[in-house]
Amino acid sequence: MDIHDTAVPDAYRIVPRVLTDARGGFHESFRHEELARATGHRLLPQQVNYSSSRRGTVRGLHSVLLPPGQAKYVTCVRGAVRDFVVDVRLGSPSFGAFTTAVLDAREGTGMYVAEGLAHGFVALTDDACVSYLCSTEYVPGTQVDIFPFDPELGLPWHLGVTGEPLLSEKDATAPSLARAADLGLLAPYDACLAHYAARRRAAR
């Protein structure tokens, strides 16, 4: 697999090598040591989630308080989505920057999203199914939600939405990035870097 840097530090786009023949295709979606060697991040999944979405559904932007934090390895296993990762780490040199990529089940492309970053997507097909390998189990009360259409972020959701997007009430009423910062919901950049380093040491 090929692992690529993105406009958001500590978010990586992973492109597998897909082997195809008359029967269909095969690819490796995730390799722990290859990700660690290429990025310095170690992901030892503690929980696996799936979401299914109608075309035009927007999910996110979501992050997790630090601690506990939660890194994610995101792939689309049915259909296709346009994926977004936003740097919401306070004090980060790339605070507010985003990266976007199409995740298509036929190609197997994935995104690694480190702790402290926010993630979301819009479904490009009906019944799009997204898989999340998560570094921690879900802890109630720790999810951070940011309004996906915050004009200060200017995310190009229009690349995947035709007509009115479908949002949960929670996402539709989530605070802006600036308001989330005022509420103390965003992880400081230095704390994220210390967390990444501690996780690498613990994994040795």
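As a starting point, this report considers the structure included with it. (Residues numbered from 1 in each chain as written. Predicted model: local features only at pLDDT ≥ 70, side-chain atom pairs only at ≥ 80, totals over all residues. Heavy atoms only, no water.)

1. Section: the pairing of strand β2 (residues 11-15)
Then comes step 1: Across four bridges, the pairing between strand β1 (residues 2-5) and β2 is antiparallel. The residue bridging Asp-5 from the neighbouring strand is Tyr-12, located in β2.
Then comes step 2: The turn linking β1 back onto β2 is made up of five residues, and Asp-10 within it adopts a positive phi angle of 75°.
Then comes step 3: One ladder, built from four bridges, connects β2 with strand β10 (residues 110-113); its direction is antiparallel. Each residue of the ladder has a partner; that of Ile-14, found in β10, is Gly-110. (Pairing = 2+ DSSP bridges. Helix = DSSP H or I, 4+ residues; strand = E, 2+ residues; numbered from the N terminus.)

2. Let's talk about unusual backbone geometry
Then comes step 1: Pro-67 follows Leu-66 through a cis peptide bond whose omega is -5°.
Then comes step 2: Mapping Pro-67 onto the fold places it in the loop between β6 (58-64) and β7 (72-78).
Then comes step 3: Geometrically, the link from Pro-67 to Pro-68 is a cis peptide bond, its omega value of 5° lying close to zero.
Then comes step 4: Mapped onto the elements, Pro-68 comes out in the loop between β6 and β7.

3. What about the sheet that holds strand β5 (residues 47-53)?
Then comes step 1: Pairing is antiparallel in the open sheet, where six strands are placed in the order β1-β2-β10-β7-β12-β5. The sheet is open, and its two edges are formed by β1 and β5, each paired on a single side. Neighbour to neighbour, the strand axes of the sheet diverge by 25° on average, direction disregarded.
Then comes step 2: Its contacts with the sheet put helix α1 (residues 32-39) on β1, β2 and β10, and the angle it makes with β1 is roughly 35°. (Axes fitted to C-alpha atoms, helices over the stretch in contact; angles between N-to-C directions. Contact = heavy atoms within 4.5 Å.)

4. A closer look at the side chain of His-119
Then comes step 1: Looking at where His-119 falls in the secondary structure, it is placed in strand β11 (residues 117-123).
Then comes step 2: Classification of His-119 as buried rests on a relative accessible area of 3%.
Then comes step 3: One polar contact links His-119 to Asp-83, side chain to side chain, over a distance of 2.5 Å.
Then comes step 4: When neighbours within four sequence positions are excluded, His-119 is seen to be in contact with Arg-59, Gly-60, Leu-61, His-62, Val-74, Asp-83, Phe-84, Val-85, Val-113 and Tyr-132. (Buried < 20%, exposed > 50% of the residue type's maximum accessible area, 1.4 Å probe, protein only. Polar contact = N/O pair within 3.5 Å; in protein donor to acceptor, adjacent residues only side chain to side chain.)

5. So, the pattern of salt bridges
Then comes step 1: Taken as a whole and judged by the stated rule, the model has eleven salt bridges.
Then comes step 2: In this structure, Glu-115 and Arg-199 form a salt bridge, with 2.8 Å as the shortest nitrogen-oxygen distance. With Glu-115 in the loop between β10 and β11 and Arg-199 in helix α4 (residues 189-203), this residue pair connects regions lying 84 residues apart in the sequence. Comparing Glu-115 with Arg-199 shows no difference in burial state: the two are buried.
Then comes step 3: The structure contains a network of salt bridges with shared partners spanning Asp-10, Asp-87 and Arg-89. (Salt bridge = Lys/Arg side-chain N within 4 Å of Asp/Glu carboxyl O.)

6. Overview of the environment of Tyr-73
Then comes step 1: Structurally, the position occupied by Tyr-73 is in strand β7.
Then comes step 2: Overall, the relative accessible area of 2% leaves Tyr-73 in the buried class.
Then comes step 3: The sequence separation of Tyr-73 and Gly-110 amounts to 37 residues, and the corresponding C-alpha distance is 6.9 Å.
Then comes step 4: Of the polar contacts made by the side chain of Tyr-73, one reaches the backbone oxygen of Ser-29; its length is 2.5 Å.

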